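# Survey of secondary and tertiary structure
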Amino acid sequence: LPAIDGSNLTGLSANSISQGNSTAEILDTGTNGIFRFIPESSEVFRITHEAKVGINTNNPSHLLDISEDGVAFPSAAGSTLLRLRNSGGTATLSIDSAASGSSAIQFGDTAAASVGALIYSHVDNSIRFNAAGTGEKVRILSNGDVGINTSVINRADAGRPLVQFDYS
C-alpha cells in the first residue's frame, strides 16, 4: 500500500474538517482552546477550554448558554432562551423575554404536555401560575397583591398587600 500523507485529501487540515461552507474546527492558542461547529459559514456551537457550551453564541459565559439571536445575555436583553448556572452556590435557571413580552416554564407529563405553567409577564410585571390545563389559578403583582382563581385584583387598602379569592 502506498503511504498517505494527507496532502491529497480535501477538507482536512491539522485542526479542522470542512465540506463546502461548513467546518468543524479545533482552535488552540495555547491558553484558551475551543471546539466549534460552523455550518454554512456561521458558527452555531462552541465548547470552550473552560467546559462552557455556547449554542448560537460564540461567547458562552456559563456552562450552558443558549441564545436566540447569537448575542450572549445580558448584552442583548430578551435574547437568552435558557441558561443554567451555579453562581456563588446558588443554582439559577434563566428564561428571558423581550421587554414587551412574557416568558413561561411549562410542565407536563406523558399523558398531557404543558398542563401547568409558571409565567412572567413584563406588561404588568406579574408572575402567574396556570394549573391542570385550565388556565390561570394564581397571579402575583409586583406590589405584592395576590389573586387566587381571579386575574382581576382590586386593591382594597392601599397600605397593605391584598389577597383576593374567587370561589365561584
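Residues numbered from 1 in each chain as written. Predicted model: local features only at pLDDT ≥ 70, side-chain atom pairs only at ≥ 80, totals over all residues. Heavy atoms only, no water.

Here we come to the overall build of the chain. When you go through the chain residue by residue, the secondary structure sums to zero helices and 14 strands. What you see in the chain, going N to C, is helices and strands ordered as β-β-β-β-β-β-β-β-β-β-β-β-β-β. Per-residue burial over the chain gives 23% buried out of 168 residues. Taking all contacts inside the chain whose residues are at least 6 apart in sequence as the whole, residues at least 24 apart take part in 0%. For the chain, the computed accessible surface area is about 11000 Å², with 56% contributed by carbon and sulfur atoms. (Helix = DSSP H or I, 4+ residues; strand = E, 2+ residues; numbered from the N terminus. Buried < 20%, exposed > 50% of the residue type's maximum accessible area, 1.4 Å probe, protein only. Contact = heavy atoms within 4.5 Å. Areas by Shrake-Rupley, 256 points an atom, 1.4 Å probe, with all protein chains shown as cover.)

For the coordinates displayed, the defined rule picks out seven salt bridges. Notably, a salt bridge pairs E43 with R36, separated by 3.2 Å at the nearest N-O pair. Of the two residues, E43 and R36, both sit in the buried class. Across the pair R128 and D124 runs a salt bridge, and its minimum N-O distance is 3.0 Å. For R128, a relative accessible area of 18% corresponds to the buried category. Taken together, the salt bridges that share partners define one network made up of E25, R36, E43 and R46. (Salt bridge = Lys/Arg side-chain N within 4 Å of Asp/Glu carboxyl O.)

Time to look at a nonpolar patch on the surface. The grouping of I127, F129 and I140 at the surface amounts to a nonpolar patch, some 210 Å² of accessible area in total. When you line up the elements, F129 lands in strand β11 (residues 126–130). Judged by its relative accessible area of 34%, F129 is partly exposed. (Patch = residues over 30% accessible without salt bridge, like charges linked within 9 Å, V, L, I, M, F, W, Y side chains within 5 Å.)

Before going further, it helps to spend a moment on the packing of aromatic side chains. As enumerated under the stated definition, the model contains two aromatic pairs in all. Ring geometry for F35 against F37: centres 5.0 Å apart, planes inclined by 80 degrees, an arrangement best described as edge-to-face. Of the residues examined, F35 reaches a relative accessible area of 29% and is grouped as partly exposed. Classification of F37 by relative accessible area gives partly exposed; the value is 32%. Consider the rings of F37 and F45, whose centres lie 5.6 Å apart with planes at 50 degrees: the pair is tilted. Residue F45 is classed as partly exposed on the basis of its relative accessible area, which comes to 24%. Put simply, the rings of F35, F37 and F45 touch in pairs and so form one group of aromatic residues. (Phe/Tyr/Trp six-rings, centres within 6.5 Å; stacked < 30°, edge-to-face > 60°.)

Below, the discussion takes up the side chain of S126. Relative to the assigned elements, S126 resides in strand β11. A polar contact of 2.6 Å, which involves the side chain of S126, links it to the side chain of D124. (Polar contact = N/O pair within 3.5 Å; in protein donor to acceptor, adjacent residues only side chain to side chain.)

When pLDDT is averaged along the chain, the result is 75, and 65% of the positions lie at 70 or above. The secondary-structure element of the chain with the lowest mean pLDDT is strand β7 (residues 80–87), recorded at 57, while strand β4 (residues 45–48) shows the highest, at 92. Considering only residues more than four positions removed or in separate chains, one finds that residues 70–79, a stretch of pLDDT under 50, has 22 contacts. (pLDDT = per-residue confidence, 0-100.)

This next bit is on the environment of I38. Locating I38 in the fold gives a position in strand β3 (residues 34–38). You can call I38 buried: its relative accessible area is 14%. In sequence terms I38 and A24 are 14 residues apart; their C-alpha atoms lie 6.2 Å from each other. Excluding its chain neighbours within four sequence positions, the residues that come into contact with I38 are N21, S22, T23, E25 and E43.

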